[in-house]
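These are the residues of each chain, in order.
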Amino acid sequence: MMATPILQISGLTMDFGGIRALNRLDLEVHAGEIVALIGPNGAGKTTFFNCLTGIYTPTAGEILLTPPGSTKNVSLKGLKPNHVTEKGLARTFQNIRLFSQMTVLENVMIGRHCRTKAFILGAILRNAATRREERQIVEMSYAILDKVGLAHLANEFARNLPYGAQRRLEIARALATEPFLLLLDEPAAGMNPQETQELDRLIKEISTDGHSILLIEHDMKLVMSLSDRIFVMDYGKKIAQGKPSEIRSNPAVIKAYLGEDVDA
Amino acid sequence: MLGFKEIKNGLLVSLWFVFLTFPLMVVKVDPVERIVRWRWENSLYVAIGTFAVFLLVKIIIQRRSRNAAVDKEAEQKKESFIHRVLASPRQKFTLIALLLAVAIVFPLFSSSYQTNVMTTALMYVVLGLGLNIVVGMAGLLDLGYVAFYAVGAYSYALLNHHFDLGFWAVLPIGGGLAAIFGILLGFPVLRLRGDYLAIVTLGFGEIIRLVLENWSEFSKGPSGISNISRPGLFGIEFGLDGAIIYIYYLMIVFMIVTIFIVNRLQDSRLGRAWIALREDEIACQAMGIDKRKTKLVAFSLGAFWAGIIGVVFAAKTTFINPASFTFLESAIILAIVVLGGMGSIVGVIFGALILILLPEYLRALSEYRMLAFGAILVAMMVFRPQGLISNIRRTYHSDKKFPSPTQQ
Ligand SMILES: Nc1ncnc2c1ncn2[C@@H]1O[C@H](COP(=O)(O)OP(=O)(O)OP(=O)(O)O)[C@@H](O)[C@H]1O
Ligand SMILES: [Mg+2]
């Protein structure tokens, strides 16, 4: 028997006034998988992420999260973004949203916020427990930066990083929250082929570390190389799902992309 | 270097100014003789003055943009002087010791008046540091900060008047009450940002002042509360001069404590959360930071310092009325934060000393104080938007040589 999916979405619908951006979407992600979500511009992919992470409250539908190794699920619907993150879901943004006036390391340290405790008194007294916690935050953040290859830039301002590095920093920041499911919104956008190749390697590494990944991406070569399964949506609806080889030859998908090179 | 276009623009601008200042500068009604005097020569002065200032600003801007790259480097060097001093522990220690020594002997060599002025400046340093938490770190534009100052001052005045409570007893009460008011203000404005937040907080400040002004049974209205006790020290009461010096030293201690605490807050998990909130609210929440909690803590901690200084203010002047808590006061404190450098502790200290001491020592100019105030702020925003001393982020270093990640 297959284990329960860690993420199970059923009938997810999101209306903006008269526009139905998501239309009764069903999707599930299993532990250890890399799942891709593709579709033409304006299909509703980012909206889907926003509904998952609590930035929007969906109009209808259910989002259930089951931490790996657990049998109890929690509903994410209506939770605040920070609570969603606490439950083990973290994301990156399509339009990079780093804290540009903070250093690279501090950006990652922010990700540790929801897993640490020190508050006003701890900050002022700087007692042993707080110092230990700060030490751990710094060490772990360095380790994560090292993983994405940015450790040598730790004390630069985030805004001074090149574009590709900023995208990787977004991933590092999300990883710092210890998610079991990582949502990546077009991580390769604006990257050159070499950077994309490095990203490919990085995502595979993150996956072997035990994070499941749900990925929005337009770069078909990357999608085909990474994903175990692919969901295709258009106009807020799911139009296809399956293994990369199946999606490649699916007529509905080819029609939706009309002229775009699905064959990578 | 200045083309025809600039000259033309300059002429237009000066014409516009002549027009604007016409009723003020040219027309003068003499109510005794019942005639109108036309002082046409004034419009000429206005035109020439405006034209000159316009061209000057143009030239400066042109120069700056031409040497932008060179300028930037030079600026960084200039800036790094104070930053360098702060970065090296020995120099920093020497500087602090020196400043402290000067601060301690200051009242021994100066008149009561000067000590009093310095005490006021120190109070504004603490107020600025408090507001810096809200505006500089958390990025919440609060234009009603003076309300919390008033809460502190009135707590002491009323508790002293009715229950004869002493300064030290009311100090935590005043700070605490102000912090509670900070949370009360925080709740309704949690969803607001930027200009909307500014307007609501501005309204809040005015409401508090109007309540104090009109609810006479509670606050004695515009006539205020007098004969507030000066602070004592273990039962010792001071004379006037003694009290001035005592409050001065008190403020030195308060300031040091505040700097210590704010500095620690800034480099803490909470301080980072504030700055992240300022940088990007959505990303901040997506990283697991509770927006409500973080904002409310910023509001209440900021208000706490205002409350404390409010108590000191009431004790120092022994008389308060609502006129001390106008919007102007909020504006001055905000100007201190902006002028000094948002989020920069050293910057705020400099900002407060400059903005409070300069007008005092330039008494001759005090009529134009508000004008100079506005001019300085506008100039700052144009030429140095990051403030006198911009904030530098703390750098952290790893003990190990980047070990492989340890996932829990
Ligand atoms: N806050 C909003 N209010 C109104 N309409 C919205 C909102 N957010 C998204 N939409 C609409 O929903 C639709 C889907 O947008 P979305 O950003 O999710 O597309 P996408 O698949 O991420 O596209 P892209 O590949 O360009 O990133 C679009 O028509 C968009 O205009
Ligand atoms: Mg998108």
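- As annotated in an unreviewed UniProt entry, chain B carries the name Branched-chain amino acid transport system permease protein and is attributed to Desulfoprunum benzoelyticum.
- According to UniProt, the comment filed for chain B under the heading Subcellular location (unreviewed entry) is "Cell membrane".

- Taking an unreviewed UniProt entry as the reference, chain A is identified by name as Branched-chain amino acid transport system ATP-binding protein belonging to Desulfoprunum benzoelyticum.

## Some thoughts on the overall build of chain B
Alright, step 1. The helix and strand tally for chain B stands at 16 helices and 2 strands.
Alright, step 2. Overall size of chain B, expressed as C-alpha extent along the three principal axes, is 70 × 65 × 50 Å.
Alright, step 3. Across the 408 residues in chain B, those meeting the buried criterion constitute 46%.
Alright, step 4. Once local pairs closer than 6 in sequence are excluded, the contacts in chain B between residues at least 24 apart make up 76%.
Alright, step 5. A total accessible area of about 21,200 Å² is found for chain B, and carbon and sulfur atoms account for 69% of it.
Alright, step 6. Positive and negative side-chain charges of chain B, numbering 37 and 25 respectively, have mean locations separated by a distance of 8 Å.

## Some details on the interface of chain A and chain B
Alright, step 1. Across the boundary between the two partners, chain A contributes 50 residues, which contact 42 residues of chain B.
Alright, step 2. Summing the contributions of chain A and of chain B, the shared interface buries around 4,300 Å²; its carbon and sulfur component is 60%.
Alright, step 3. Joining chain A to chain B, the criterion identifies 2 salt bridges.
Alright, step 4. Two residues, Asp-280 of chain B and Arg-97 of chain A, come together in a salt bridge whose shortest N-O distance is 2.8 Å.
Alright, step 5. Linking chain A to chain B there are 11 residue pairs in polar contact (both at pLDDT 80 or more).
Alright, step 6. Looking at the side of chain A that touches chain B, the elements with two or more residues in it are helix H2 (81-86), helix H3 (104-111), helix H4 (120-125), helix H5 (128-148) and helix H6 (163-175) of chain A.

## A short note on the nonpolar core
Alright, step 1. If you look at the biggest cluster of nonpolar residues, it comprises 93 residues, and the most contacted ones within it are Ile-133, Tyr-149, Phe-167, Leu-265 and Trp-274 of chain B.
Alright, step 2. The biggest single contributor to this core is helix H5 (residues 112-137) of chain B, with 15 residues.
Alright, step 3. Formed by 50 residues, the second largest nonpolar core is a distinct cluster that contains Leu-105, Ile-144, Val-148 and Val-223 of chain A.

## Some details on the sheet that holds strand E4 (residues 60-65) of chain A
All names here are of chain A.
Alright, step 1. The 4 strands lie next to each other as E2-E1-E4-E5, forming an open sheet whose pairing is antiparallel. Of all the strands in the sheet, just strand E2 (19-29) and strand E5 (74-75) have a single pairing partner and so form its edges.
Alright, step 2. Here 2 bridges tie E4 to E5, and the two strands are oriented antiparallel to one another. Its bridge partner being in E5, Leu-65 is matched across the sheet by Val-74.
Alright, step 3. Against the sheet, helix H1 (residues 45-52) makes contact with strand E1 (7-16), E2 and E4, and its axis sits at roughly 110 degrees relative to E1, the strand it touches most.

## Describing the coordination of the magnesium ion (ligand 2)
All names here are of chain A.
Alright, step 1. Note on the magnesium ion (ligand 2): its protein donors are Thr-46 (OG1) and Gln-94 (OE1). The metal-donor distances range over 1.8 to 2.1 Å. Of the two residues, Thr-46 is situated in helix H1 and Gln-94 in the loop between strand E6 (89-91) and H3; the sequence distance between them amounts to 48 residues.
Alright, step 2. A relative accessible area of 31% means that Gln-94 is categorised as partly exposed.

## Quick notes on the environment of Gln-114 of chain B
All names here are of chain B.
Alright, step 1. Tracing the sequence through the fold places Gln-114 in helix H5.
Alright, step 2. Residues Gln-114 and Met-255, spaced 141 residues apart in sequence, show a C-alpha to C-alpha distance of 18 Å.
Alright, step 3. In contact with Gln-114, other than residues within four places in its own chain, are Phe-106 and Tyr-361.

## Here's the deal with the packing of aromatic side chains
Alright, step 1. Inspection of every chain in the model, using the stated rule, returns 19 aromatic pairs over all chains.
Alright, step 2. For the ring pair Phe-167 of chain B and Trp-168 of chain B, a centre distance of 5.2 Å and an interplane angle of 85 degrees mean the geometry is edge-to-face.
Alright, step 3. Relative accessible area serves as the criterion here: at 3%, Phe-167 of chain B is assigned to the buried category.
Alright, step 4. These aromatic residues form a ring-pair network of at least three members: Tyr-149, Tyr-154, Phe-313 and Phe-325 of chain B.
Alright, step 5. Above the plane of the ring of Phe-99 of chain A lies Arg-173 of chain A, whose end atom (NZ or CZ) is 4.8 Å from the centre.
Alright, step 6. Sitting over the face of the ring of Phe-119 of chain A, Lys-293 of chain B holds its NZ or CZ atom 4.9 Å from the ring centroid.

## Brief notes about the pairing of strand E7 (residues 181-185) of chain A
Residues and elements named next belong to chain A.
Alright, step 1. Counting buried positions along E7 gives 5 out of 5 residues, so the element sits mostly inside the fold.
Alright, step 2. Burial along E7 is two-sided: Leu-181, Leu-183 and Asp-185 and Leu-182 and Leu-184, pointing in opposite directions, are all buried.
Alright, step 3. Summarising the sheet, E6 and E7 pair through 3 bridges and their orientation is parallel. Bridge pairing in E7 places Leu-89 opposite Leu-181.

## A few points about the site of ligand 1
Residues and elements named next belong to chain A.
Alright, step 1. Taken together, 13 residues lie near ligand 1, and Asn-41, Lys-45, Thr-46, Thr-47 and Gln-94 sit nearest.
Alright, step 2. Side-chain polar atom of Asn-41 to an oxygen atom of ligand 1: 2.9 Å apart, as the coordinates give it.
Alright, step 3. Within the side chain of Lys-45, one N or O atom sits 2.7 Å away from an oxygen atom of ligand 1.
Alright, step 4. For ligand 1, the accessible surface in isolation is 640 Å², of which the surrounding protein chains cover 65%.
Alright, step 5. Sorting elements by how many residues they give to the shell around ligand 1 places H1 first, with 3 residues.
Alright, step 6. Across the shell around ligand 1, the residue classes break down as 4 nonpolar, 7 polar and 2 charged.

## Details of a nonpolar patch on the surface
Residue and element names in this part refer to chain B.
Alright, step 1. On the surface, a nonpolar cluster with roughly 590 Å² of combined accessible area is contributed by Leu-100, Ile-104, Val-105, Leu-108, Phe-109 and Ile-256.
Alright, step 2. It is helix H4 (residues 89-109) that contributes the most residues to the nonpolar patch, 5 residues altogether.
Alright, step 3. Counting through the fold element by element, Ile-256 comes out in helix H10 (residues 240-266).

## Topic: the sheet that holds strand E3 (residues 34-38) of chain A
Residues and elements named next belong to chain A.
Alright, step 1. If you trace the 6 strands from one edge of the open sheet to the other, you get E6-E7-E8-E3-E9-E10, paired in mixed fashion. Edge positions in the sheet fall to E6 and strand E10 (237-242), since each of these pairs with one other strand and no more. Put simply, the sheet's adjacent strands are angled 20 degrees from each other on average, direction ignored.
Alright, step 2. Judged from the 5 bridges that link them, E7 and strand E8 (residues 212-216) form a sheet pairing that is parallel. Across the sheet, Asp-185 pairs through a bridge with Ile-216, a residue of E8.
Alright, step 3. Set on the sheet, helix H7 (residues 193-208) makes contact with E3, E7 and E8; between it and E8 the angle comes to about 150 degrees.

## Things to note about H5 of chain A
Alright, step 1. Taking 1.5 Å of rise per residue, 21 residues should cover 30 Å, and H5 of chain A covers 31 Å from first to last C-alpha, within 8% of that figure.
Alright, step 2. Just past H5 of chain A, the residue Gly-149 of chain A takes up positive phi, approximately 80 degrees.

What counts as what
- Residues numbered from 1 in each chain as written.
- Chains lettered and ligands numbered in written order.
- Predicted model: local features only at pLDDT ≥ 70, side-chain atom pairs only at ≥ 80, totals over all residues.
- Heavy atoms only, no water.
- UniProt positions renumbered as here; feature names shortened; annotations may be inferred.
- Helix = DSSP H or I, 4+ residues; strand = E, 2+ residues; numbered from the N terminus.
- Buried < 20%, exposed > 50% of the residue type's maximum accessible area, 1.4 Å probe, protein only.
- Contact = heavy atoms within 4.5 Å.
- Areas by Shrake-Rupley, 256 points an atom, 1.4 Å probe, with all protein chains shown as cover.
- Lys, Arg positive; Asp, Glu negative; His and termini not counted.
- Charge placed at Lys NZ, Arg CZ, Asp CG, Glu CD.
- Buried area = accessible area lost by both parts, 1.4 Å probe.
- Salt bridge = Lys/Arg side-chain N within 4 Å of Asp/Glu carboxyl O.
- Polar contact = N/O pair within 3.5 Å; in protein donor to acceptor, adjacent residues only side chain to side chain.
- Core = buried A, V, L, I, M, F, W, Y, C linked by side-chain atoms within 4.5 Å.
- Pairing = 2+ DSSP bridges.
- Axes fitted to C-alpha atoms, helices over the stretch in contact; angles between N-to-C directions.
- Donors = N, O, S within 2.8 Å, 3.2 Å for Na, K, Ca; no water.
- Phe/Tyr/Trp six-rings, centres within 6.5 Å; stacked < 30°, edge-to-face > 60°.
- Lys NZ or Arg CZ within 6 Å of the ring centre and 35° of its normal.
- Near = heavy atom within 4 Å.
- Nonpolar A, V, L, I, M, F, W, Y, C, P; charged D, E, K, R; others polar.
- Patch = residues over 30% accessible without salt bridge, like charges linked within 9 Å, V, L, I, M, F, W, Y side chains within 5 Å.
- Expected span 1.5 Å × (residues − 1).

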